[in-house]
Amino acid sequence: MLIECFIGLVFWMQPLIADFEVSEGIYSQARIEDAGSVCLWLGANVMLEYSCEEGTALLQKNLDNAKASLEVLVADLQFLRDQVTITQVTIARVYNWDVHQKRRMREAVTAEKDS
C-alpha cells in the first residue's frame, strides 16, 4: 500500500527520488535525503509540516482508520447482499402464490360453468 511505503521511507530515512512538476508539462527529479520533517497534504489546499515521528504516527493512524472503515463497509455490503437475496426469494414466493390463486379461481369458474 502507498501509505505503508511512505511510512517505511520516513522510518528508515532512505533517500527518495521524487519526480515533481516544475510548471505545466515540465518535470524534474529531486533526491531527498536526511529530512528532519515531512510535509503532508491534508486536502482543501492545506499542507502541514510534521516531524518524521509525528508524520509517521499520523499516517499510521489514518491507515488504521481506513482499515477499520473497510471492515465495516465489507460487513455492510454482506448484509445488503443477504437482504437482496431475501427480497428476491420473497418476490418469487408472492408471484408463485398469485399464480396459484389465479389457477384456483380459474378452476372454480370452470367447475361452476360445468355445473
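Please refer to the structure placed before this passage.
A quick note: this is a predicted structure, and the numbers were derived from the prediction, not measured.

Conventions used here
- Residues numbered from 1 in each chain as written.
- Predicted model: local features only at pLDDT ≥ 70, side-chain atom pairs only at ≥ 80, totals over all residues.
- Heavy atoms only, no water.
- Helix = DSSP H or I, 4+ residues; strand = E, 2+ residues; numbered from the N terminus.
- Buried < 20%, exposed > 50% of the residue type's maximum accessible area, 1.4 Å probe, protein only.
- Contact = heavy atoms within 4.5 Å.
- Areas by Shrake-Rupley, 256 points an atom, 1.4 Å probe, with all protein chains shown as cover.
- Core = buried A, V, L, I, M, F, W, Y, C linked by side-chain atoms within 4.5 Å.
- Expected span 1.5 Å × (residues − 1).
- Salt bridge = Lys/Arg side-chain N within 4 Å of Asp/Glu carboxyl O.

## Some words on the overall build of the protein
A tally of regular secondary structure across the protein gives 2 helices and 4 strands. Secondary structure elements in the protein, listed N-terminal to C-terminal, are α-β-β-β-β-α. Per-residue burial for the protein yields a buried fraction of 11% across its 115 residues. Considering only contacts in the protein between residues 6 or more positions apart, those separated by 24 or more positions represent 20%. As displayed, the protein offers around 9,800 Å² of accessible surface, 60% of which is attributable to carbon and sulfur atoms.

## Overview of the nonpolar core
If you look at soluble globular proteins, the nonpolar side chains tend to sit buried side by side. In terms of nonpolar packing, the biggest core is built from 6 residues, these being V38, L40, Y50, C52, L58 and L59. Mapped by element, the contributors of at least two residues to this core are β3 (37-43) and α2 (52-114). Examining the composition of this core, we find that 3 residues originate from one element, α2, more than from any other. Not counting residues up to four positions away in its chain, the partners in contact with Y50 are S37, V38, L40, L42, G55 and L58.

## So, α2
With 63 residues, α2 extends 92 Å from end C-alpha to end C-alpha; this agrees with the ideal 93 Å at 1.5 Å per step. For α2, the set of buried residues is C52, G55, T56, L58, L59 and L63.

## Some words on the pattern of salt bridges
Applying the stated criterion across every chain yields a total of 1 salt bridge. The shortest N-O distance in the salt bridge between K102 and D98 comes to 3.4 Å. Within this pair, K102 and its partner D98 are both found in helix α2, separated by 4 residues, close to a single helical turn. By relative accessible area, K102 is classed as partly exposed at 48%.

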